[in-house]
Amino acid sequence: TYLGATPRLGQGKPEEALPLADEATKGEGTLPPDLPPVRAEALVRLGKIPEAEQAYRTILASNPKDRRSLAGLGALELRQGKFAEAKQHYSEAQALAPQDPRVRLGLAAATASLGNLKEAIKILEGVDARARSVGVLVALGSYYLRDNRPSEAISVLSPVVAQLPQYGRARLLLATAYLGSG
């Protein structure tokens, strides 16, 4: 049953993943280390935020270096406007996985929300170019615009819009950057 939970979550089927993860946790013996975070992520996707937060905290109580749970808790805190707590958890996750672009994206969002835009930009500029997802590029372009750096925003947003012309947010940011470039 455990083996089915992770793929179902990856397929966007948290309503199927959660019962499988719950059933596997009732079994005897040692749990695979990624099962509890999979369960917590399924709870998040189902909108069961208090239960997900408790699940992440329970995992971290027994394994304070669980990167997925640190990042998951950081994401919940970011959504709740608890930016300092989110930054702390994302920072701990980044120490465990320094090049993980998703962790850096969350850390940058928390940092920018705390008012340190230049630090947020540095965090995203530190993502290896080959690992820069569309989300990283759009966030970086947005931060460049907020920091009054339209030419840098154009350089990161142009390729996104060229590849995904239907992506409205990227197009809007790129148009704003062109308007701001004089």
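Structural notes, computed from the coordinates. (Residues numbered from 1 in each chain as written. Predicted model: local features only at pLDDT ≥ 70, side-chain atom pairs only at ≥ 80, totals over all residues. Heavy atoms only, no water.)

Contact geometry of helix 5 (residues 67-79) with helix 6 (residues 83-96) gives a least axis separation of 8 Å together with a crossing angle of 160°. In terms of orientation, helix 5 and helix 6 fall into the roughly antiparallel class. Judged by the sense of rotation from one axis to the other, the crossing of helix 5 with helix 6 is left-handed. Facing helix 5, whose interface residues are Arg67, Leu70, Ala71, Leu73, Gly74, Ala75, Glu77 and Leu78, helix 6 presents Phe83, Glu85, Ala86, His89, Tyr90, Glu92, Ala93 and Leu96. Partitioned by chemical class, the residues of the contact of helix 5 with helix 6 number 10 nonpolar, 2 polar and 4 charged. (Axes fitted to C-alpha atoms, helices over the stretch in contact; angles between N-to-C directions. Helix = DSSP H or I, 4+ residues; strand = E, 2+ residues; numbered from the N terminus. Parallel < 35°, antiparallel > 145°, perpendicular 65-115°, else oblique. Left-handed = near helix turned anticlockwise from the far one by under 90°. Contact = heavy atoms within 4.5 Å. Nonpolar A, V, L, I, M, F, W, Y, C, P; charged D, E, K, R; others polar.)

The next thing to look at is the pattern of salt bridges. Per the stated rule, a full pass over the model turns up 11 salt bridges. A salt bridge links Asp128 to Arg130; the shortest N-O distance between them is 2.9 Å. For Asp128, a relative accessible area of 31% corresponds to the partly exposed category. Assessed through its relative accessible area of 76%, Arg130 is described here as exposed. Taking the shortest distance from any N to any O, the salt bridge between Asp147 and Arg149 comes out at 3.3 Å. For Asp147, a relative accessible area of 17% translates into the label buried. Taken together, the salt bridges that share partners define one network made up of Lys118, Glu125, Asp147, Arg149 and Glu152. (Salt bridge = Lys/Arg side-chain N within 4 Å of Asp/Glu carboxyl O. Buried < 20%, exposed > 50% of the residue type's maximum accessible area, 1.4 Å probe, protein only.)

Side chains of residues three or four places apart in an α-helix project in the same direction, reflecting 3.6 residues per turn. The first and last C-alpha atoms of helix 5 sit 18 Å apart over 13 residues, in line with the 18 Å expected at 1.5 Å per residue. What helix 5 keeps buried is the set Ser69, Leu70, Ala71, Gly72, Leu73, Gly74, Leu76, Glu77 and Leu78. As for helix 5, its buried residues are in contact with helix 3 (35-45), helix 4 (49-62), helix 6 and helix 7 (101-113). Sitting at the amino-terminal end of helix 5 is Asp66, which places a side-chain oxygen 3.3 Å from the backbone nitrogen of Arg68. A positive backbone phi angle near 80° is found at Gly81, which sits one or two residues after helix 5. (Expected span 1.5 Å × (residues − 1). Polar contact = N/O pair within 3.5 Å; in protein donor to acceptor, adjacent residues only side chain to side chain.)

The next point concerns the environment of Lys13. Mapping Lys13 onto the fold places it in the loop between helix 1 (2-10) and helix 2 (14-25). Judged by relative accessible area, which is 31%, Lys13 ranks as partly exposed.

The next point concerns helix 11 (residues 168-180). In a regular helix each residue adds 1.5 Å, so 13 residues correspond to 18 Å; helix 11 covers 18 Å between its end C-alpha atoms and thus fits that length. Among the residues of helix 11, Ala170, Leu173, Leu174 and Ala177 are the ones counted as buried. For helix 11, the angular spread of buried residues about the axis comes to 100°, placing them on one side. Away from its buried face by more than 90 degrees, helix 11 exposes Leu172 and Leu179. (Arc of directions from axis to C-beta.)

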